[in-house]
2 protein chains.
Amino acid sequence: MSNKLLVVGSVAFDSLKTRAGKRDEILGGAATYIALTASHFAKVNLVGVVGKGDFPEEHVNLLTQKGVDVEGLEFAEGKTFRWAGEYADDFSTRQTLDTQLGVFEHFDPKIPDSYQGAQIVLLGNINPSVQLQVLDRLNEKPYVITDTMNLWMDIALDELKKVIARTNLLVINDEEAVQLSGELQIRVAAKKILAMGPEALIIKRGEHGAYLFTKDTMFFAPAIPLEEVIDPTGAGDSFVGGLAGYLAGEGKTTVSAIKKGMIFGTATASATCEGFGTENTARLTKDEVLNRYYMLLNLVSTD
Amino acid sequence: MSNKLLVVGSVAFDSLKTRAGKRDEILGGAATYIALTASHFAKVNLVGVVGKGDFPEEHVNLLTQKGVDVEGLEFAEGKTFRWAGEYADDFSTRQTLDTQLGVFEHFDPKIPDSYQGAQIVLLGNINPSVQLQVLDRLNEKPYVITDTMNLWMDIALDELKKVIARTNLLVINDEEAVQLSGELQIRVAAKKILAMGPEALIIKRGEHGAYLFTKDTMFFAPAIPLEEVIDPTGAGDSFVGGLAGYLAGEGKTTVSAIKKGMIFGTATASATCEGFGTENTARLTKDEVLNRYYMLLNLVSTD
């Protein structure tokens, strides 16, 4: 696995409450889910920031044991980003109970020299101005995968559009696709969003799977119907982590590779939902990822 | 196409209003959608009832031109069943504006002698007591496909359970699966419903596709993302019509045949949504059905 994936995003403490129970201040953050899932396929270079005084060594050890390079994980004065949320019993909505940005508020992403030359960069769901900073600080132009959310469409649309114009593969959910394009039908929305610059667009629909659109391709990756959902936090990050890790590991960004990557991402995301926060994601083995991958291929086979 | 499909259900006039426009008293009813779509694959024997004075010959001609046998279509004193409804702009909900049962209220299904011996019977979404009457009036035990809805779970659950116990393939949507089983996760719901008797269960999720569950199989058929939805009325009937027609035409009810039938059903249902009522369903050619079938196979191909 010589191909490197550069990941930029949040590393956080999450307090989570779902119909299945609750957890207080457990390891979370988009970059954490991404690093844990991508590490099954590729060497991950992590860029993020945590609090110098409150981020335990065991969390760092978890990442390094998975082969994640944490040279780019900054330990800054202040507190680690904290988020608390509670899900409706049917998981259709969630309510944010508390957000404390801490050191994440003034995150100034530093790219270690050893991280330069990454073939693929995954910009996790953070402020688009920080995503742009990351791109500006790379010496070579990589293949750029961008994850974002409605918040940035609401408060930083101009910056976000600049990021999208420099993105190869954009990953958003269906509501965000409607918001970004002003179109109700995602197939029409996809055309408009592709015209903003990306050569490929993934539209996630949660438990209903995910679509890939390019200029001349449409692909659908179904989700695994789960017997039990414990906590969907991080499922989107886990999806994009499995996907980006697979692309980096294969050293390919062809449409066919993206399709297979989406199925690997679906596999890792399904495991994420079966535990609180990163708990099950951290436990996941490569064999289990492969089992879920083949189960997903079989799910749509008419044989 | 020597294999016969016996279809029992409503034939109606629908008045429809969606974001795309409106239509007054156009041809509708579950058995109509089913007969039109199934006729691409098999000889359809229709059992239903319409009003002697108000059902135009052109509608009968439309069915017979498609090869549908209408000997079992009864012309009774009174008015044809009428339904009027209006859809929310995002099609997530619909409101019934008017229901006039007319001759359908005392529907006493008569099975012509020439219809006996059908290999497959499709019980459209009607009162379970009528569905039971149909089964009781058949001389031989066919493969039974049953479509039903939440209304009957609310007001005729005991009768419905008797129908389900005599059903080979049950077709319901996800909300109905939750209601019928008391389980929130459809995979768990499916186990409980299969224990009620059917050897196979299809759970429809509208624009999100449909799942097939048997004792040891799980399969998913995605939907086609449409550029424009005109009117989803009858999409579920069109789905089960394409499916049942395919099974009858092939003379097979194996799991593999059901999977392929679901994809044909998805193909016909997608066309139904692209016109008001039965308008586009009636226009649909076999070539177009096949094109959509291969498009759906391609939609999940990782090549």
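Residues numbered from 1 in each chain as written. Chains lettered and ligands numbered in written order. Predicted model: local features only at pLDDT ≥ 70, side-chain atom pairs only at ≥ 80, totals over all residues.

Draft legend 1. The arrangement of the overall build of chain A in detail. A tally of helices and strands in chain A yields eleven helices and 13 strands. Its C-alpha atoms give chain A a radius of gyration of 18 Å, near enough to 19 Å, the size a compact globule of 303 residues would have. Based on the C-alpha atoms only, the size of chain A along its principal axes is roughly 55 × 45 × 40 Å. Looking at chain A as a whole, 50% of its 303 residues qualify as buried. Here the analysis covers contacts within chain A between residues at least 6 apart in sequence; of these, 67% occur between residues at least 24 apart. (Helix = DSSP H or I, 4+ residues; strand = E, 2+ residues; numbered from the N terminus. Rg over C-alpha atoms; globule rule 2.2 N^0.38 Å. Buried ≥ 20, exposed ≤ 12 C-beta atoms within 10 Å, placed from the backbone. Contact = placed C-beta atoms within 7 Å.)

Draft legend 2. Looking closely at helix H6 (residues 174-181) of chain A. All names here are of chain A. Taken residue by residue, H6 has Glu176, Ala177 and Leu180 as its buried positions. One side of H6 carries all its buried residues, which in axial view fall inside an arc of 105°. Contacts from the buried residues of H6 go to helix H4 (150-155), strand E10 (169-173), helix H7 (186-194) and strand E11 (200-204). Looking one or two residues past H6, Gly182 carries a phi angle of roughly 75°, positive in sign. (Arc of directions from axis to C-beta.)

Draft legend 3. Examining the interface of chain B and chain A more closely. Taken together, the contacts link 25 residues of chain B with 25 residues of chain A. Mapped onto the side of chain B that touches chain A, the elements with two or more residues apiece are helix H7 (186-194), strand E13 (218-221) and helix H9 (255-273) of chain B. In terms of residue count, the dominant contributor to the side of chain B that touches chain A is H9 of chain B (four residues). Of the residues that constitute the side of chain B that touches chain A, the class distribution is 14 nonpolar, four polar and seven charged. (Nonpolar A, V, L, I, M, F, W, Y, C, P; charged D, E, K, R; others polar.)

Draft legend 4. Spotlight on helix H11 (residues 286-299) of chain B. For H11 of chain B, with 14 residues, the first-to-last C-alpha span of 20 Å sits near the 20 Å given by 1.5 Å per residue. All buried positions along H11 of chain B are accounted for by Val289, Arg292, Leu296 and Leu299 of chain B. All buried residues of H11 of chain B lie within an arc of 80° about the axis, which places them on one face of the element. What points out from H11 of chain B, more than 90 degrees from its buried face, is the exposed set Lys286, Asp287, Asn291 and Tyr294 of chain B. On its buried face, H11 of chain B is in contact with strand E13 (218-221) of chain A together with H9 of chain B. (Expected span 1.5 Å × (residues − 1).)

Draft legend 5. Region of interest: the nonpolar core. Of all hydrophobic cores here, the largest spans 183 residues; its most connected members are Leu5 and Val7 of chain A together with Leu5 and Val7 of chain B. If we ignore the near neighbours within four places in the chain, the residues touching Leu5 of chain A are Ala38, Ala42, Val44, Asn45, Ala118, Ile120, Leu122, Ala244, Gly245 and Ala248 of chain A. (Core = buried A, V, L, I, M, F, W, Y, C linked by C-beta atoms within 7 Å.)

Draft legend 6. View of the relation of the copies chain B and chain A. Superposing chain B onto chain A requires a rotation of 180° together with a translation of 0.0 Å along the rotation axis, leaving an RMSD of 0.0 Å. Overall, the copies show the geometry of a two-fold rotation axis. It is His208 of chain B whose C-alpha, among those of chain B, lies nearest the rotation axis, at 3.0 Å. Looking at the interface residues of chain B, 100% of them are also at the interface in chain A, so both copies use one shared face. (Least-squares fit on C-alpha atoms with pLDDT ≥ 70 in both.)

Draft legend 7. Quick peek at the environment of Ala165 of chain B. Residues and elements named next belong to chain B. With respect to the secondary-structure elements, Ala165 resides in helix H5 (residues 157-165). Since 10 C-beta atoms lie within 10 Å of it, Ala165 is described here as exposed. For Ala165 and Lys66, which are 99 residues apart along the polypeptide, the C-alpha to C-alpha distance reads 33 Å.

Draft legend 8. Layout of the sheet that holds E13 of chain A. Residue and element names in this part refer to chain A. Judged by pairing direction, the sheet is mixed, and its nine strands sit side by side in the order E5-E4-E1-E8-E9-E10-E11-E12-E13 without closing on themselves. Each edge of the sheet is formed by a strand with only one pairing partner; in this case those strands are strand E5 (69-76) and E13. Strand-to-strand twist in this sheet, taken as the mean axis angle between neighbours without regard to direction, amounts to 15°. As judged from the three bridges shared by strand E9 (residues 143-147) and E10, these two strands associate in the parallel manner. When the sheet's bridge partners are listed, Thr146 is paired in E10 with Leu170. (Pairing = 2+ DSSP bridges. Axes fitted to C-alpha atoms, helices over the stretch in contact; angles between N-to-C directions.)

Draft legend 9. A look at the packing of helix H8 (residues 235-250) of chain B against H9 of chain B. Residue and element names in this part refer to chain B. Across the interface, H8 lies against H9 with an axial gap of 7 Å and an inter-helix angle of 140°. Put simply, H8 runs oblique to H9. Read as a crossing pair, H8 and H9 show a hand that is right-handed. Here the contact of H8 with H9 is composed, by residue class, of 13 nonpolar, eight polar and two charged. (Parallel < 35°, antiparallel > 145°, perpendicular 65-115°, else oblique. Left-handed = near helix turned anticlockwise from the far one by under 90°.)

Draft legend 10. Structural context of the pairing of E5 of chain A. All names here are of chain A. Where strand E4 (residues 43-51) lies against E5, six bridges are found, and the strand directions are parallel. In the sheet register, Val47 faces E5, and the bridge partner there is Gly72. Viewed along the sheet, the connection from E4 through helix H2 (residues 57-65) into E5 turns out right-handed. (Right-handed = clockwise from strand over helix to strand, strands pointing away.)

Draft legend 11. Broad picture of the sheet that holds strand E5 (residues 69-76) of chain B. All names here are of chain B. The nine strands lie next to each other as E5-E4-E1-E8-E9-E10-E11-E12-E13, forming an open sheet whose pairing is mixed. Pairing within the sheet leaves two strands with one partner each, and these edge strands are E5 and E13. Put simply, the sheet's adjacent strands are angled 15° from each other on average, direction ignored. As defined by bridge partners, strand E12 (residues 210-214) adjoins E13 across four bridges and the pair is classed as antiparallel.

Draft legend 12. Inspection of the pairing of strand E6 (residues 81-87) of chain B at higher detail. Residues and elements named next belong to chain B. Examined bridge by bridge, strand E2 (residues 12-18) and E6 share six bridges and lie parallel to one another. Bridging across to E6, Lys17 finds its partner in Glu86. Relative to strand E7 (residues 94-100), E6 runs antiparallel, the two being bridged by six bridges. In the strand pairing of E7, Ala84 is matched with Asp98. The hairpin turn running from E6 into E7, its antiparallel successor, is six residues long, and Phe91 in that turn takes a positive phi close to 65°.

Draft legend 13. Expanded view of the packing of helix H3 (residues 128-136) of chain B against H5 of chain B. Residues and elements named next belong to chain B. The contact between H3 and H5 brings their axes to 8 Å, and the two run at 35°. Handedness of the H3/H5 crossing: left-handed. Contacts between H3 and H5 involve Pro128, Ser129, Gln131 and Leu132 on the former and, on the latter, Glu159, Leu160, Lys162 and Val163. Taken together, the residues that form the contact of H3 with H5 break down as four nonpolar, two polar and two charged.

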